Amino acid sequence: MNAAQLNDGKTYSPMLRSQLPELLTLLAILALAAFLRFANLPENPGWYTDEATHLNIAHHLAAGRIQYFAVKDSVLLFARPPLFHLLLAGLFRPLGESMATLRGLTAGLGLLTVALLYAAIRHITGRRLLALLAAGLLAIYPQAVLYSRFGFSYNLLAPLMVVLLWGLVAYRQTTRRGWLALASLAAGLGVIGDLAFMTVIPVLLLVAFIGRRRDALWSAALAGLPFALYALWMLFLAPDAFLYDLRFTFLRLGTMPPGDQVWNIVLQYTTLISQDFWLLAGVIGLFLLHLPQLRMVGVLLFFAPLALMARSAALHSLSFYYMIPLLPLVALGVAGLLVAGVPYLWRVIFAEVGTMLKTRWIAIGAAGVGVLLVVVSPLWVTVVLTLDNVNGHYQTAIDPFLVNPGDAYAAADFVNAHSAPDDLVIASPPVGWLIAGQVADFQMTIAAGGQDTPHLPGDLPPERWAFDPDYHRARFIVIDNLWDNWGAWNIPGLRDLMAEVEAWPQVFASGAVRVYANADS
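Here goes a summary of the coordinates provided. The model shown is predicted, which means the values in this text are computed figures rather than measured ones.

Conventions we followed
- Residues numbered from 1 in each chain as written.
- Predicted model: local features only at pLDDT ≥ 70, side-chain atom pairs only at ≥ 80, totals over all residues.
- Heavy atoms only, no water.
- Helix = DSSP H or I, 4+ residues; strand = E, 2+ residues; numbered from the N terminus.
- Expected span 1.5 Å × (residues − 1).
- Buried < 20%, exposed > 50% of the residue type's maximum accessible area, 1.4 Å probe, protein only.
- Contact = heavy atoms within 4.5 Å.
- Axes fitted to C-alpha atoms, helices over the stretch in contact; angles between N-to-C directions.
- Parallel < 35°, antiparallel > 145°, perpendicular 65-115°, else oblique.
- Nonpolar A, V, L, I, M, F, W, Y, C, P; charged D, E, K, R; others polar.
- Patch = residues over 30% accessible without salt bridge, like charges linked within 9 Å, V, L, I, M, F, W, Y side chains within 5 Å.
- Areas by Shrake-Rupley, 256 points an atom, 1.4 Å probe, with all protein chains shown as cover.
- Salt bridge = Lys/Arg side-chain N within 4 Å of Asp/Glu carboxyl O.

Some words on helix α3 (residues 49-62)
Alright, step 1. Relative to the 20 Å expected for 14 residues at 1.5 Å per residue, α3 spans 20 Å between its end C-alpha atoms, a close match to the ideal helical length.
Alright, step 2. Burial analysis of α3 places eleven of its 14 residues in the buried class, the great majority of the element.
Alright, step 3. Where α3 is concerned, the buried positions are T49, D50, E51, A52, T53, H54, L55, N56, I57, A58 and H60.
Alright, step 4. Residues of α3 that are buried sit in contact with β1 (67-68), α4 (83-95), α5 (99-125), α7 (142-149), α19 (429-432) and α21 (481-490).
Alright, step 5. Among the residues trailing α3, G64 stands out with phi positive, at a value near 85°.

As structure tokens, this is what we get:
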């Protein structure tokens, strides 16, 4: 190629013209995905308790402490490994400590997942339509949009799941160990992002074993390296606390009879696909993917984690966040279903109408209308309704358990204005993270009295408490709809505590959030 050819650009113009529509389509998808995830983000939807958990842990981490409200030395007790909180604490310095920072992080991870899914499928298959469809569908998938807007650590697992898929499929295609190393690191980093990602390890090892048996050994070691480094760090800082939390965390998984586990898996799967048509379409589509390696790995990465989680935990309603890392696979499956199904639908309608009317143009029009009604219109309505939620207020199935941000701010401002730094305040996490001073949540005050709760043991060693969370010494107790709709029904003893506290003077109220003052403190 000579200088003249380089200068006049004619050599590259056909390539640029062929790639420009794809690039513009991708940019439009990313722009839509960004708007749906970032617009009106900090207070829409309402605040979920786990979001405040992440904010409080990262707050202490940024100050050089390992602590979650009243519990110190280790937070593995709450199944919270460090990677997500390290990222969040790192963002506090430039962006400030706020719900906007947390949700901005998870929304950004959601946007990154859309881009990575396009890149992975484009590289693996070479098919631009499938790659753009998968990215576009993930951009508008209602559950993916909603849960990207919540500040859940599981959002960190979604891009890592795409990298894991990419690495495993490319390894199967090329047998190059570099791809398996990439997949192993993605799996290992995911485990120290959230322990739920341990459920992908069997798939990683199976694919490696199928490729080369020896590859499974070093792949397992590489995947285990991040958690091993985390364990060594914690054993150096607080060995007793870490070992206690490690034992408690894995004992919480419980042991159900095999028959009950199978029933639970089937029940959870059936509940999921009956509540979300996208999931059913995605599962069907995964089996229709043209590329065998992509089909095999995609199916394994969807069903293995789902089965391992569903055998002992709910995956719907309040616990749907467990599904976040699987949502890119759902979008890929729906894209596979459309790629396989739309041409078939077109052919069937065209053939039927053409046979009846013997008119080609009417048959083409009928086929177009059929595709419009079956495929395009539902997707269009999905986008419109999601835009309404983003621009207005999200109505979700878990609204009774979400705390209104305005009410939380108002109650926290009142408590901060009428308390000293060493005063004890009992509050749920969505309010408590805003309060300065000694704050414990309602499970902590129950556990400190010797009663087990869903997330805390009643025999936590006394040295693990940063301060005494006994509610009798509290200056204020803040009760909200999370107490009313979840705590009172799931935490033994909390209903009696609430009855006692509600006899105290109510000194402030905003919406469902009520502040009670202890006259004896």
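Structural notes on unusual backbone geometry
Alright, step 1. Look at the link from N44 to P45: it is a cis peptide, with omega at 10°.
Alright, step 2. Tracing the backbone through its elements, the reader meets P45 in the loop between α2 (13-38) and α3.
Alright, step 3. If you check the backbone angles, F69 has positive phi at about 50° while not being a glycine.
Alright, step 4. Tracing the sequence through the fold places F69 in the loop between β1 and β2 (71-72).
Alright, step 5. Positive phi values are uncommon outside glycine, yet T175 reaches one of about 60°.
Alright, step 6. Tracing the backbone through its elements, the reader meets T175 in the loop between α8 (157-174) and α9 (177-191).
Alright, step 7. Taking the relative accessible area as the measure of exposure, T175 reaches 43% and is therefore partly exposed.

Describing the packing of helix α11 (residues 213-237) against helix α12 (residues 239-251)
Alright, step 1. As a packed pair, α11 and α12 sit with axes 6 Å apart at the nearest point and diverge in direction by 130°. When the interaxial angle is binned, α11 and α12 end up oblique. Contact with α11, carried on its side by F227, Y230, A231, M234, L235, F236 and L237, involves P239, F242, L243 and L246 of α12 and no other residues of that element.
Alright, step 2. Considering only residue class, the contact of α11 with α12 consists of eleven nonpolar, no polar and no charged.

Details of a nonpolar patch on the surface
Alright, step 1. A cluster of nonpolar side chains, namely L225, L229, L232, L235 and L243, defines an oily patch on the protein surface of about 450 Å² accessible area.
Alright, step 2. When its relative accessible area of 55% is taken as the criterion, L232 is described as exposed.

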